[in-house]
Amino acid sequence: MNKKQQELERITKIVIDCCAMEIDDEGKTNITIKDVTGKSRKTNLVMTRCILAAKILSHGFSIDTIANLLNRSVSAVRHLLKLGHWFKKTSKAYNIANKEVEEKCEK
């Protein structure tokens, strides 16, 4: 695994940890990488995808890379980025998770 792949995995894990709502007794979150790359339209998963797409883009990766990671088309990734701006204006939960992601990614 090269450094780019390691960075993508690190960012993905941070975003999932920050967006997860529940942790069971074994320490597992209710959101997995498989869920994020899946086709579910649950609001918490869509918000997670939006935060992940924006964070990966801000780290200098291309939209094609994001599309491959999330198993989406390039136009779907662009839609996620636009949706992320809307969530930023309207959702307190999104802003809390996004701020936590920002803090953890800076370390």
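Fair warning: this is a prediction, and the values are worked out from it, not measured in the lab. (Residues numbered from 1 in each chain as written. Predicted model: local features only at pLDDT ≥ 70, side-chain atom pairs only at ≥ 80, totals over all residues. Heavy atoms only, no water.)

### Quick notes on the pattern of salt bridges
Okay, step 1: Taken as a whole and assessed by the stated rule, the structure comprises three salt bridges.
Okay, step 2: Residue Glu7 is joined to Arg10 by a salt bridge in which the shortest nitrogen-to-oxygen separation is 2.8 Å. Residue Glu7 and its partner Arg10 are both found in helix H1 (residues 3-19); the two are separated by three residues, about one turn of the helix.
Okay, step 3: Judged by its relative accessible area of 22%, Glu7 is partly exposed. (Salt bridge = Lys/Arg side-chain N within 4 Å of Asp/Glu carboxyl O. Helix = DSSP H or I, 4+ residues; strand = E, 2+ residues; numbered from the N terminus. Buried < 20%, exposed > 50% of the residue type's maximum accessible area, 1.4 Å probe, protein only.)

### Notes on the nonpolar core
Okay, step 1: Of all hydrophobic cores here, the largest spans 29 residues; its most connected members are Val15, Ile51, Leu52, Ile56 and Val101.
Okay, step 2: The leading source of residues in this core is helix H3 (residues 43-58), at eight residues.
Okay, step 3: Excluding its chain neighbours within four sequence positions, the residues that come into contact with Val101 are Ile14, Val15, Cys18, Ile51 and Lys55. (Core = buried A, V, L, I, M, F, W, Y, C linked by side-chain atoms within 4.5 Å. Contact = heavy atoms within 4.5 Å.)

### Some words on the environment of Ile14
Okay, step 1: Among the structural elements, Ile14 can be located in helix H1.
Okay, step 2: For Ile14, a relative accessible area of 13% translates into the label buried.
Okay, step 3: Sequence separation of Ile14 and Leu81 is 67 residues, and the distance between their C-alpha atoms is 18 Å.

### Things to note about the environment of Asp35
Okay, step 1: Examined against the element boundaries, Asp35 turns out to sit in helix H2 (residues 33-37).
Okay, step 2: In this structure Asp35 comes out as partly exposed when scored by relative accessible area, which is 29%.
Okay, step 3: When the C-alpha atoms of Asp35 and Lys3 are compared, they prove to be 24 Å apart, with 32 residues separating the residues in sequence.
Okay, step 4: For Asp35, the contacting residues outside a window of four places in its chain are Asn30, Leu45 and Arg49.

### Quick word on the packing of aromatic side chains
Okay, step 1: Counting across every chain of the model gives two aromatic pairs.
Okay, step 2: Between Phe87 and Tyr94, the ring centres sit 5.7 Å apart and the planes meet at 25 degrees, which makes this aromatic pair stacked. Of the two residues examined, Phe87 and Tyr94, each falls in the buried class. (Phe/Tyr/Trp six-rings, centres within 6.5 Å; stacked < 30°, edge-to-face > 60°.)

### What to know about the confidence of the model for the protein chain
Okay, step 1: Of all residues in the protein chain, 93% have pLDDT values of 70 or greater, and the mean over the chain is 91.
Okay, step 2: Averaged pLDDT values over the elements of the protein chain bottom out at 91 in H2 and peak at 97 in helix H5 (residues 74-90). (pLDDT = per-residue confidence, 0-100.)

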